[in-house]
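Topology and contacts: notes
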Amino acid sequence: MRARKKNGSVVFNKARSTWNFLWVENGTRRSRRLGTLTELPTRADALQRADSFRRELRLQQQRSIVTVKQLVEQYRAEKMPKRSDTRRAYEVWLRNHILPRWGDSVVTDLQARPVELWLDPLSLAPKSKAHIRGVLSILWDFAMWRGDVPTQRNPMELVSIKGLTKRTRQPRSLTVEEFQKFIRHLDEPFRTIALLCCCLGLRISECLALKWADVDWFNAKVRVERGIVCQQVDDVKTTESRRSMVMDRELLETLKRWKQATQFSKPEEWMFASPAQFGKLPWSYDQVWRMYQKAAGKAAIGRIGTHSLRHTYRSWLDSVGTPVGVQQRLMRHADIRTTMNIYGDAVTEDMRSAHEKVVRLAMQKKPELISA
C-alpha cells in the first residue's frame, strides 16, 4: 500500500476502456489518463507509459522547489537587461525589497493575494510598488521560460496597487519668468546645460553624454547617441530617443561660445567635460543637481529637479500652440501611441518652428535682467 502511494499505480477503467495512473500528492489523490486500450493494448504498454510519466512528475517536483533567491541568481546570469540604468534599478528592488521578503520562498509562493497583501502596507509610492510588481512579473515569466513552473497566466497580472493612477507629487514646470531668474544664477557650463535641456527637452543623462562630434554645425542639428548614468556610458533610454534634433541659430551660437571657452573642444571630447576628471568624463549628475539647487535658491523659485526642464519644455511646446504630433516627435517619446495614431508624423519644418518658439522663450532678455 505504501509503495503504491509513493510510486503510484496503473489501473484499467473498464467502463471507458482507458488506462489511468493514480498517485497521492500532498495527501490528495490524483489521476491521469495514460491512453486508451487501442493505444495501449497490454498492461506492459501502460506500465511503460506510466514510467515515462513518473519521470516527468519527479522533474516537476524538483523544479517546484526552486527558491526565489535561486531564480534571481539565474535571472541575473541569463536575462538581466544589459542597459546599466535599467539593471541598476532592478537591483535596487531586488536587494531592498524582493529578496529580503521572498528570497527563501519557493517560486510558487509568489501568488497574487500574498504579494498584494505584502505590497499594500509598504511605505512606498504607488509607482515604486508598481516597479516591484513589474520585477516580480518578469521573474515569473523567466521561471515559466526555464520550465521551473508550468506555462500559465502570470499571477502578478492580478495584483492591484492602490493609487497607482494618482501622482503623489506633481511634475514641476517653470514659467518663462522663473526660468530667466534661474539661468541668471548659473555659471558655465551649467547655464548651457540648462538651456539645452530646456530648449531641446533633453534628459540630463543625454545632455551630459553629448560630444562635440554630435553637433552638425552646418545643418544646425545635434544627434542624441548615448546616455550616461552614474558616470557609466550607456545606450539611450529608447530607440525613439536616438535622433537628430534641429537647433535654433541663436542656441547654436550659445553652444559655439561655450566650445570656444572650454579647454576640451576636440570632436571626440565630451561637450561638458569635467576638469576634475581631466576631460575623461563629463560633469556628474550630482554636480549638476547641486548647481541647480543653488541657482534655484538664489532665484527664490523653490526646489527643482533636473527633469523639471524636460517638463518645462513640454509645457512650453503646448503654450506656443504646437500640434500634439509634433510634440511627440520633439519629446522623442516611444510610447505615445494615441498621439501618433491621431495626429500622425510630424514634418521637419513644423518641428523647427516649434523649437524656435521655445528658444525665444528661454533666451529672451528682460530689461531688468540686462540692467543688472
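Residues numbered from 1 in each chain as written. Predicted model: local features only at pLDDT ≥ 70, side-chain atom pairs only at ≥ 80, totals over all residues. Heavy atoms only, no water.

1. Some thoughts on the overall build of the protein chain
In terms of regular secondary structure, the protein chain is built from 16 helices and eight strands. Burial statistics for the protein chain: of 372 residues in total, 42% are counted as buried. Of the contacts formed within the protein chain by residues at least 6 apart in sequence, a portion of 59% connects residues at least 24 apart. Just so you have it, the protein chain exposes about 21100 Å², and 49% of that area is on carbon and sulfur atoms. (Helix = DSSP H or I, 4+ residues; strand = E, 2+ residues; numbered from the N terminus. Buried < 20%, exposed > 50% of the residue type's maximum accessible area, 1.4 Å probe, protein only. Contact = heavy atoms within 4.5 Å. Areas by Shrake-Rupley, 256 points an atom, 1.4 Å probe, with all protein chains shown as cover.)

2. With respect to the packing of helix α7 (residues 176-184) against helix α8 (residues 190-200)
Across the interface, α7 lies against α8 with an axial gap of 9 Å and an inter-helix angle of 155°. The angle between α7 and α8 places the two elements in the roughly antiparallel class. α8 is crossed by α7, and the crossing has right-handed handedness. Two secondary-structure elements touch here, α7 through Phe179, Phe182 and Ile183 and α8 through Arg191, Ala194, Leu195 and Cys198. When the residues that make up the contact of α7 with α8 are grouped by side-chain class, the tally is six nonpolar, no polar and one charged. (Axes fitted to C-alpha atoms, helices over the stretch in contact; angles between N-to-C directions. Parallel < 35°, antiparallel > 145°, perpendicular 65-115°, else oblique. Left-handed = near helix turned anticlockwise from the far one by under 90°. Nonpolar A, V, L, I, M, F, W, Y, C, P; charged D, E, K, R; others polar.)

3. Considering the sheet that holds strand β5 (residues 221-224)
The three strands lie next to each other as β4-β5-β8, forming an open sheet whose pairing is antiparallel. Two strands close off the open sheet at either side, each with one partner strand: β4 (215-216) and β8 (243-246). Here β5 pairs with β8 via four bridges, running antiparallel. Note on β8: the bridge partner recorded for Val222 is Met245. (Pairing = 2+ DSSP bridges.)

4. With respect to the sheet that holds strand β1 (residues 9-13)
On the basis of which strands lie adjacent, the open sheet formed by three strands has the order β1-β2-β3 and antiparallel pairing. Here the strands that pair on one side only, and so sit at the sheet edges, are β1 and β3 (28-36). Between one strand axis and the next, the sheet turns through 30° on average, direction left out of account. Two elements, β1 and strand β2 (residues 18-25), share five bridges in a ladder whose sense is antiparallel. Each bridged residue has a counterpart across the sheet, and for Ser9 the counterpart in β2 is Leu22.

5. As for helix α13 (residues 324-331)
Within α13, six of the eight residues are buried, which leaves it mostly tucked inside the rest of the structure. Residues of α13 that are buried include every one of Gly325, Val326, Gln327, Gln328, Leu330 and Met331, and no others. Where α13 ends, the next residue or the one after it, Arg332, has phi of about 60°, a positive value.

6. Remarks on the side chain of Lys129
The topology assignment puts Lys129 in helix α6 (residues 126-146). From its side chain, Lys129 meets the backbone oxygen of Leu119 in a polar contact 3.4 Å long. Non-local contacts of Lys129, meaning those with residues more than four positions away in its chain, are made with Leu119, Asp120, Leu122, Leu124 and Ile161. (Polar contact = N/O pair within 3.5 Å; in protein donor to acceptor, adjacent residues only side chain to side chain.)

7. A look at the environment of His185
Along the chain, His185 turns up in the loop between α7 and α8. Contact partners of His185, with chain neighbours within four places excluded, come to Ala295, Lys298 and Ala299.

8. Points about unusual backbone geometry
Cis geometry marks the peptide bond from Glu188 to Pro189, where omega comes out at 5°. By the element assignment, Pro189 lies in the loop between α7 and α8. A positive phi is found at Ala300, a non-glycine position, where the angle reads about 55°. When you line up the elements, Ala300 lands in the loop between α11 (285-299) and α12 (308-319).

9. A look at the pattern of salt bridges
Two side chains carrying opposite charge are able to pair once their charged atoms lie near each other. One pass over the full model with this rule turns up 20 salt bridges. Put simply, Glu206 and Arg203 hold a salt bridge, and the shortest N to O gap is 2.6 Å. Taken as a pair, Glu206 and Arg203 share a single burial class, namely buried. Through salt bridges with shared partners, a single network forms among Glu73, Arg76, Glu91 and Arg95. (Salt bridge = Lys/Arg side-chain N within 4 Å of Asp/Glu carboxyl O.)

10. So, the packing of α8 against α12
At a minimum axis distance of 7 Å, the contact between α8 and α12 shows a crossing angle of 40°. In this view, α8 runs oblique relative to α12, as classed from their interaxial angle. In the crossing of α8 with α12, the sense of the turn from one axis to the other is right-handed. On α12, the residues that touch Ala194, Cys197, Cys198, Cys199 and Leu200 of α8 are Leu309, Thr312, Tyr313 and Trp316. A breakdown of the residues in the contact of α8 with α12 according to their chemical character gives eight nonpolar, one polar and no charged.

11. Re the confidence of the model for the protein chain
When the pLDDT values of the protein chain are averaged, the result is 84; 88% of them are 70 or greater. Throughout residues 336-347 the model reports pLDDT below 50, and contacts reaching past four residues in sequence, or to other chains, amount to 16 contacts. The low-confidence segment residues 366-372, where pLDDT is below 50, has five contacts with residues more than four positions distant or belonging to other chains. (pLDDT = per-residue confidence, 0-100.)

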